[in-house]
Amino acid sequence: MTAAVRSSTLARIFLVAGFAASLCAVPANAQKQGGSITVGLELDIPGFDPLKVGVFDTAALTAASAIFESLTYLDDKGVAQPRLALSWTHSDDFKIWTFKLRPGVKFHDGTPFNAEAAKANFDRQKDPANKCRCAFYISAINNVQAPDELTLVYNLNDPSVNFPATILSYTNQNAAIQSPTAWKTKGEDYNRNPVGTGPFVLKSWTAGDRMVLERNPDYWDKDKIYLDRIIVKPLPDAQSRFASLQSGEADIIWDDEASADNIQRAEKDPKLKVHTYAGSGAAVAAFNTKVAPFDDVRVRQALVMALDRKKLSQALTNGLARPATNPYGDGSWVKCKDDGALPYDVEKAKALIKDYGKPVDFKMLVTATPRGRANGQVLQQFWKQVGANMEIEQVDQATIPPRAFMRQFQVTPWRIVDFADPDTQMYSNFRSGSPVALANYSNPELDQLLERARATADQEMRNEDYCAISRIINKEAIWYWTFQNTYYAMSSAKVKGFPKMYSGVIDLSRVWLE
């Protein structure tokens, strides 16, 4: 690729969109003001203070997308567009990114949003004394500076060619800008009393029942906000959740392939609409390579080779889930001709177990839900047929992240979530020493590839590096992939303006009711 062509490609992919970028591409005359919408989610929300919860799950992200805002957001093409930041530029080496912020924005408590407030969010998460599990996701950022009220400068440790589209582009635990005044004055109570700049304000919250968000009358872009109210309800049981949609108790619900029957029924119902998005990550599981029997690569390879992903999909999702053999997914720009996937080969798996020469007995964490149990039971059968005995250990969903981070597992389920660029997830999950590198695995060659991929501007070269990374992970079998990320929401046909579900987020902040 010539320098001129490479420069042109980067300009198309990475440079900032102009001030005129529209936050909503639907014709203005189609939108209607007013109304209340109820969303049913799988989980109750544990809170919004990153120091308390560490990482936002999909339920928290749904509410966070209405309460908070990030500097950028991703349009339908996955390109970063302005939100709290109006524009941005980068240094020649992609290590310094300078953002110009939107003036006149206020938090829900009336205090001003400015560069100092944004910097305070970063500094609080980064401070080692706070011991935030969220800190590793921003470890690539050396520091953030606020040279004036509306200028924010990110100084990175390494080049990042697509920085505005990565960690900053949706209201995750690191990017949701929260009011420093609120967390300082509310103290321990802040976790359940979040304050952002977003289009909706928290009015009430009853744990296990509902959260009520009401339209922010002082929102900076209030003409683009149509609903009066959003009600968030935890509905853990999939059948009850679907029944609430059919009855009209809920207007939109979260779901996934485990509810394939309901998704297929909704597709045939003219009163309902199925929203889906093919993501760029995968549902996975990590082996703890520091504990037996997974300190031996033969055992790890055997268990991966015992998996028939097509049968797994059929058993769990009526064939709806798309098998995955690498961490990128169809929604990613990374495309591998050879990802190094181990083949499904029962006889080879049996031979590896026999060669290991010792009993293969272990436990796997699964969520204490019908979906978690079903997944564990099917995996149990696959592994039993090659001579491995897995015991299912059922735990609450909220228990899995801390158990995983503390390495208190032999096998744990996980998910590589979607970003417009693979760097953040791949570096966090597979770089030696990362607190999120759950497999406890270290490989200098893998580290070198991860470092080079994040520092290279040429996308073709980055693609090659990420495919080489996949080949190492698959050969060493430190993780295994089950299904590509595909996100689902089902709604009343009256819900309009629903955006793509990047990272599975149900963003209701700019929808309206017909």
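Let me sum up the structure you'll find in this document. (Residues numbered from 1 in each chain as written. Predicted model: local features only at pLDDT ≥ 70, side-chain atom pairs only at ≥ 80, totals over all residues. Heavy atoms only, no water.)

So, about the overall build of the protein chain. Within the protein chain, the regular secondary structure consists of 15 helices and 18 strands. A compact globule built from 514 residues would reach a C-alpha radius of gyration of about 24 Å, and the protein chain, at 23 Å, matches this within 12%. Over its C-alpha atoms, taken along the principal directions, the protein chain stretches across nearly 70 × 55 × 45 Å. In the protein chain, buried positions account for 58% of the 514 residues. Looking at the protein chain alone, contacts between residues at least 24 apart form 70% of all its contacts between residues at least 6 apart. Put simply, the protein chain shows about 21100 Å² of open surface, and 50% of that area lies on carbon and sulfur atoms. Here the protein chain contributes 60 positive and 59 negative side-chain charges, whose respective centroids are spaced 2 Å apart. (Helix = DSSP H or I, 4+ residues; strand = E, 2+ residues; numbered from the N terminus. Rg over C-alpha atoms; globule rule 2.2 N^0.38 Å. Buried < 20%, exposed > 50% of the residue type's maximum accessible area, 1.4 Å probe, protein only. Contact = heavy atoms within 4.5 Å. Areas by Shrake-Rupley, 256 points an atom, 1.4 Å probe, with all protein chains shown as cover. Lys, Arg positive; Asp, Glu negative; His and termini not counted. Charge placed at Lys NZ, Arg CZ, Asp CG, Glu CD.)

Let us now look at the state of the cysteines. Per the counting criterion, the structure on display carries 2 disulfides. Here Cys132 connects covalently by a disulfide to Cys134, the sulfurs 2.1 Å from one another. Taking the sign of the S-S torsion, 125° for the link of Cys132 and Cys134, the bridge is right-handed. Each member of the pair Cys132 and Cys134 is classed as buried. Paired by a disulfide, Cys336 and Cys467 hold their sulfur atoms 2.1 Å apart. Negative torsions about the S-S bond denote left-handed disulfides, and the value of about -95° found for Cys336 with Cys467 makes this one left-handed. One end of the pair, Cys336, is in the loop between α9 (309–317) and α10 (346–356); the other, Cys467, is in helix α15 (residues 459–476), and 131 residues separate them in sequence. By relative accessible area, Cys336 is classed as partly exposed at 23%. Listing the disulfide partners of the protein chain by sequence rank of the bonded cysteines yields 1-2, 3-4. (Disulfide = S-S within 2.5 Å.)

Turning to the environment of Gly331, a few remarks are in order. Checked against the element boundaries, Gly331 lands in the loop between α9 and α10. Classification of Gly331 by relative accessible area gives partly exposed; the value is 38%. Measuring from C-alpha to C-alpha, the distance between Gly331 and Lys496 comes to 23 Å, with 165 residues separating the pair along the chain. The residues contacting Gly331, other than those within four sequence positions of it, are Ala278, Gly279 and Ser280.

Let us now look at the packing of α9 against helix α11 (residues 370–384). The geometry of α9 relative to α11 is characterised by a closest axis approach of 10 Å and an angle of 145° between their N-to-C directions. Crossing of α9 against α11: the hand is right-handed. Contacts from Lys311, Leu312, Ala315 and Leu316 in α9 reach Ala374, Asn375, Val378, Leu379 and Phe382 in α11. Partitioning the contact of α9 with α11 into residue classes produces 7 nonpolar, 1 polar and 1 charged. (Axes fitted to C-alpha atoms, helices over the stretch in contact; angles between N-to-C directions. Left-handed = near helix turned anticlockwise from the far one by under 90°. Nonpolar A, V, L, I, M, F, W, Y, C, P; charged D, E, K, R; others polar.)

A few words on the pairing of strand β7 (residues 151–156). The buried count for β7 comes to 6 of 6 residues, which makes it a mostly enclosed element. Burial of β7 is two-sided: the residues Thr151, Val153 and Asn155 facing one way and the residues Leu152, Tyr154 and Leu156 facing the other way are all buried. As defined by bridge partners, strand β5 (residues 96–101) adjoins β7 across 5 bridges and the pair is classed as antiparallel. Bridge pairing in β7 places Thr98 opposite Val153. Direction of pairing for strand β6 (residues 141–148) relative to β7: antiparallel, over a ladder of 5 bridges. Bridge pairing in β7 links Gln145 to Val153. Counting the residues between successive antiparallel strands, the hairpin from β6 to β7 contains 2 residues. (Pairing = 2+ DSSP bridges.)

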